[in-house]
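Reading the structure
As a plain string of letters, each chain reads:
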Amino acid sequence: LARGIRHTAVRQAHRKHEPDFHDKYGNLVLLGGAAAFVTVWGYVLTQAGIEWGLSPVGRITPKEWRE
């Protein structure tokens, strides 16, 4: 049994490997996605006009105390 499994593994290892989509374009797709991610978030963080109110200091004024 072990000899048959080993024989099958060797036969598959020597089989000619044809490049599939991932072999051909995998890194290109990854780099394209990373570039799109950086571009979109770069725009959102700098140009979208969002006011990033991370600190309330100086903006919250206490109300007058009422008895």
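Residues numbered from 1 in each chain as written. Predicted model: local features only at pLDDT ≥ 70, side-chain atom pairs only at ≥ 80, totals over all residues. Heavy atoms only, no water.

1. A closer look at helix α2 (residues 21–47)
Keep this limit in mind: Secondary structure counts use DSSP, requiring at least four H or I residues in a row for a helix and at least two E residues in a row for a strand, with both numbered from the N terminus. The length a helix should cover is 1.5 Å for every residue beyond the first. A residue's bend is simply the angle between two axes: one fitted to the seven residues ending at it, one to the seven starting at it. Exposed residues in this analysis have more than 50% of their type's maximum accessible area, buried residues have under 20%, and partly exposed residues fall in between, with area computed by a 1.4 Å probe over protein chains only.
Spanning 27 residues, α2 covers 36 Å between terminal C-alpha atoms, matching the ideal 39 Å at 1.5 Å per step. Along α2, the sharpest change in direction is near 30° and occurs at Asn-27. Burial analysis of α2 places just 0 of its 27 residues in the buried class, which makes it a mostly uncovered element. Just downstream of α2, Gly-49 is the residue with a positive phi angle, here 75°.

2. Let's talk about the UniProt feature "transmembrane region" (unreviewed entry) in the protein chain
Our working definition: UniProt positions are given in the numbering used here, feature names are shortened, and annotations may be inferred rather than shown by experiment.
Feature annotation in UniProt assigns "transmembrane region" (unreviewed entry) to the following positions: residues 25–44. Here residues 25–44 runs as 100% helix and 0% strand, with 28 Å between its end C-alpha atoms.

3. What about a nonpolar patch on the surface?
What counts is decided by this rule: Patches here are clusters of residues that have more than 30% relative accessible area and form no salt bridge, with a 9 Å joining cutoff for like charges and a 5 Å cutoff for nonpolar side chains (Val, Leu, Ile, Met, Phe, Trp, Tyr). The accessible surface values rely on the Shrake-Rupley method and a 1.4 Å probe; as for residues, cover is taken only from the protein chains in view. Salt bridge, as used here, is a side-chain nitrogen of Lys or Arg placed within 4 Å of a carboxyl oxygen of Asp or Glu.
A surface patch of nonpolar side chains, amounting to about 910 Å² of accessible area, comprises Phe-37, Val-38, Val-40, Trp-41, Leu-45, Ile-50, Trp-52 and Leu-54. Topologically, Val-40 is positioned in helix α2.

4. Quick look at the packing of aromatic side chains
Defined as follows: In this analysis, rings of Phe, Tyr and Trp, with Trp reduced to its six-membered ring, are considered paired at centre separations within 6.5 Å, and the interplanar angle assigns stacked below 30 degrees, edge-to-face beyond 60, and tilted for intermediate values.
For the structure on display, the rule yields 1 aromatic pair. Both rings, one in Phe-21 and one in Tyr-25, keep their centres 5.1 Å apart while their planes meet at 50°; by these two values the pair is tilted. Of this pair, Phe-21 and Tyr-25 are both found in helix α2, 4 residues apart, which corresponds to roughly one turn of the helix. Judged by its relative accessible area of 38%, Tyr-25 falls in the partly exposed class.

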